[in-house]
Amino acid sequence: MTVSTTVPYTLTRVGVVMTPEPGQPEEAEGVLNPASGRTPDGRLHLLPRLVAEGNVSRVGLAEVELRDGVPTGVRREGVVLAPDEGWERGKNNAGVEDPRTTWVPDLGRHLMTYVAYGPLGPRLALAVSEDLRHWRRLGPVQFGYQPDLDTDLNMFPNKDAVFFPEPVPGPDGRDCFAMLHRPMWDLGWFRPGEGVHLPAGVTDERPGIWISYVPVDEVRADVGALVRLRGHRCVALSEFPYEELKIGAGPPPLRVPEGWLLIHHGVTGEIPEGFDPTTQRVEYAAGAMLLDPADPSRVLARTAEPILVPELAEERSGTVPNVVFPTAIEEVDGVHYVFYGMADSRIGVARLDRLP
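Described in the following lines is the structure provided in the data block. (Residues numbered from 1 in each chain as written. Predicted model: local features only at pLDDT ≥ 70, side-chain atom pairs only at ≥ 80, totals over all residues. Heavy atoms only, no water.)

### Focus: the overall build of the protein
Keep this limit in mind: Per the convention used, a helix needs a DSSP run of H or I reaching at least four residues, while a strand needs a run of E reaching at least two, with both numbered from the N terminus. Within these notes, the globule rule equals 2.2 Å times the number of residues to the 0.38 power, and the radius of gyration is based on C-alpha atoms. A 1.4 Å probe rolled over the protein chains alone gives each residue an accessible area, and that area as a share of the maximum for its type sets the label: buried under 20%, exposed over 50%, partly exposed in between. We call two residues contacting when some pair of their heavy atoms lies within 4.5 Å. To measure how exposed things are, a 1.4 Å probe is used in the Shrake-Rupley method; for residues, cover is taken only from the protein chains shown. Two residue types count as positive, namely Lys and Arg, and two as negative, namely Asp and Glu; His and chain ends fall outside the count. By convention, the point assigned to a charge is CZ for Arg, NZ for Lys, CD for Glu and CG for Asp.
For the protein, the helix and strand inventory stands at 2 helices and 23 strands. A globule of 356 residues ought to have a C-alpha radius of gyration of about 21 Å, and the protein, at 19 Å, matches this closely. Expressed along its principal axes, the backbone C-alpha trace of the protein runs to roughly 50 × 50 × 45 Å. The 356 residues of the protein split such that 55% are buried. Excluding contacts between residues fewer than 6 apart, the proportion of contacts in the protein whose partners are at least 24 apart in sequence is 59%. In the form shown here, the protein has an accessible surface area of approximately 14,500 Å², with 47% of it arising from carbon and sulfur atoms. Averaged over its 34 positive side-chain charges, the protein has a centre that lies 2 Å from the centre of its 51 negative ones.

What follows is the structure, given as structure tokens:
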């Protein structure tokens, strides 16, 4: 199948909306990679990742300040999720990291995917909320066994998970809620010498974007079913130079006339073994792809060149230099804005435009 490289959308920087607050211990090592949503009163909020000393992350809540309809800053409202559960903490690490939130009208809830940095490294977990302030954990994601993959997805660390905002067709034709995610196949970090274990049919060991499903009727009967995903498929792997090392999903997919618009990140450079981001010598850029509404595991088009690269001083200098990492998208007065992490230290915002 030939995939088009024409995705008629661009990102234009608007500014920096959040920086670490001096003297705030929970932000000592940065504010970054936010989720987003609106509280029941309609007010726009970010849910930033707040990083304290020792790389311990929490999820905060901050109302977005607007000037003439444009995001310009935030007003902090505290912490809404912390690594309080045993599976979110290890002997020498802890964190609830990189939240992505999707408002699902069909359920009347915000769905939060986040990375629980526990004893076995980064694993995906879910929580739900009706107001962004009070979150109920559904627990770690449980990937159903799929014989044709010849492996168990639960063995692998995973990141960059996000739900579609409405039901989509599943592999068997049933309406499903679907989650994009990014398994990582190298188990050497956990068991030295174990190395890479690829699923059947996959020959590229670089982490890419996968999709998994859960039928709508099961979730309506029990929202806890959201953690029990199945029907796993690979959506996209690295293809272009700016994606040389890996790719991962960004904000929740946005329905556009051409299909589902997915803004993603691509990584180049060098990543040493382990999960300490400060040892990386990398560049994170943003790209975009269009997914088929009739089959969201199918890519219709993707950008051969990035639509946002690190250029500003705030993007080129920080905890991890040379990073733009989009994680949230919101509409304000008919305009879509994308919020993104800047060098793992600050939060920026860019306007999403459709080309004529």
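### Digging into the sheet that holds strand β1 (residues 9-18)
The line we're drawing: Only strands that DSSP links by at least two bridges are regarded as paired with each other. Fitting a line to C-alpha atoms yields each axis, with helices limited to the stretch in contact; the angle taken between N-to-C directions then spans 0 to 180 degrees.
Taken in spatial order, the 4 strands of this open sheet run β1-β23-β22-β21, and their pairing is antiparallel. Looking at which strands have only one partner, the edges of the open sheet turn out to be β1 and β21 (324-332). Averaged over neighbouring strand pairs, the angle between their axes works out to 30° when direction is ignored. Examined bridge by bridge, strand β22 (residues 335-342) and strand β23 (residues 346-354) share 7 bridges and lie antiparallel to one another. Within β23, the residue paired with V338 across the bridge is A350.

### Re the side chain of S129
Stated formally: Contacts described as polar in this section are N or O atom pairs within 3.5 Å, which, within protein, must combine one atom able to donate a hydrogen with one able to accept it, while residues neighboring in sequence count only if both atoms come from side chains.
Structurally, the position occupied by S129 is in strand β8 (residues 121-129). Among the polar contacts listed, one links the side chain of S129 to the backbone oxygen of H134, at a separation of 2.8 Å. For S129, the contacting residues outside a window of four places in its chain are R109, H110, H134 and W135.

### Details of the nonpolar core
What counts here: Nonpolar core, defined: a set of buried Ala, Val, Leu, Ile, Met, Phe, Trp, Tyr and Cys residues in which side-chain atoms within 4.5 Å join the residues together.
Judged by nonpolar contacts, the single largest core of 29 residues is most densely connected at L126, F177, M179, V219 and L226. Elements supplying a minimum of two residues to this core: β7 (109-118), β8, β11 (158-163), β13 (175-183), β14 (209-215) and α1 (216-221). Broken down by element, this core gets its largest block of residues, 3 residues, from β8. Beyond its immediate chain neighbours, meaning those up to four positions away, F177 contacts V104, D106, L107, F163, P167, S212, Y213, V214, V216, V219 and L226. Listed in part, the 20 residues of the second largest apolar core include V256, A286, A288 and I307.

### Observations concerning the pairing of strand β18 (residues 259-270)
Regular strands show a simple pattern: their side chains alternate between the two faces of the sheet. Along β18, 10 of the 12 residues are buried, which leaves the element largely enclosed by surrounding structure. As judged from the 4 bridges shared by strand β16 (residues 246-249) and β18, these two strands associate in the antiparallel manner. When the sheet's bridge partners are listed, K246 is paired in β18 with V267. Counted between consecutive antiparallel strands, the loop separating strand β17 (residues 254-256) from β18 contains 2 residues. Here β18 pairs with strand β19 (residues 281-292) via 11 bridges, running antiparallel. Across the sheet, the residue bridging to E270 is R281, located in β19.

### Side note on unusual backbone geometry
Backbone geometry places N33, a non-glycine residue, at a positive phi of 40°. For N33, the position within the fold is in strand β2 (residues 31-38). For N33, a relative accessible area of 3% corresponds to the buried category. Positive phi is not limited to glycine here, since D98 has a value of about 45°. Structurally, D98 can be placed in strand β6 (residues 96-104). For D98, a relative accessible area of 10% corresponds to the buried category.

### So, the sheet that holds strand β3 (residues 44-52)
Strands sit in the order β2-β3-β4-β5 across an open sheet of 4 strands; the sheet is antiparallel. Each edge of the open sheet carries a strand with a single partner, namely β2 and β5 (70-81). Shown here is a sheet whose adjacent strand axes are inclined to one another by a mean of 30°, direction ignored. Pairing between strand β4 (residues 56-67) and β5: 8 bridges, direction antiparallel. Pairing of V59 across the sheet is with L81, part of β5.

### Points about empty space enclosed by the protein
One way to see where empty space is left: roll a probe the size of a water molecule over the atoms. Spelled out, the test is: Using only the protein atoms, space was sampled on a 1 Å grid; points where a 1.4 Å probe fits but cannot get out form cavities, open sets with protein on both sides within 12 Å along at least five of seven lines form pockets, and lining residues are those with an atom within 4 Å of a point. Grid points are joined across faces, edges and corners, and a volume is the space filled by probe spheres set on the points. Just so you know the grouping, Ala, Val, Leu, Ile, Met, Phe, Trp, Tyr, Cys and Pro go in nonpolar, Asp, Glu, Lys and Arg go in charged, and all remaining residues, Gly too, go in polar.
Across all of its chains, the model carries 1 cavity of 30 Å³ or more by this definition. Estimated volume of the largest cavity: approximately 30 Å³. For the largest cavity, the full set of lining residues is P251, P252, L254, L261, I263 and I329. Broken down by class, the residue content of the lining of the largest cavity amounts to 6 nonpolar, no polar and no charged.

### Observations concerning the pattern of salt bridges
Pairing of side chains with opposite charge becomes possible as their charged atoms draw close. So the rule is basically this: Throughout this description, the term salt bridge denotes a Lys or Arg side-chain nitrogen within 4 Å of a carboxyl oxygen of Asp or Glu.
Going through the model one piece at a time under the given rule, you end up with 26 salt bridges. Residue R76 pairs with E27 through a salt bridge whose shortest N-O separation is 2.8 Å. Note that R76 is positioned in strand β5 and E27 in the loop between β1 and β2, a separation of 49 residues in sequence. Taking relative accessible area as the criterion, R76 reaches 29% and is therefore assigned partly exposed. Owing to a relative accessible area of 4%, E27 belongs among the buried residues under this scheme. E63 is the partner of R75 in a salt bridge, and the nearest nitrogen-oxygen pair spans 2.8 Å.

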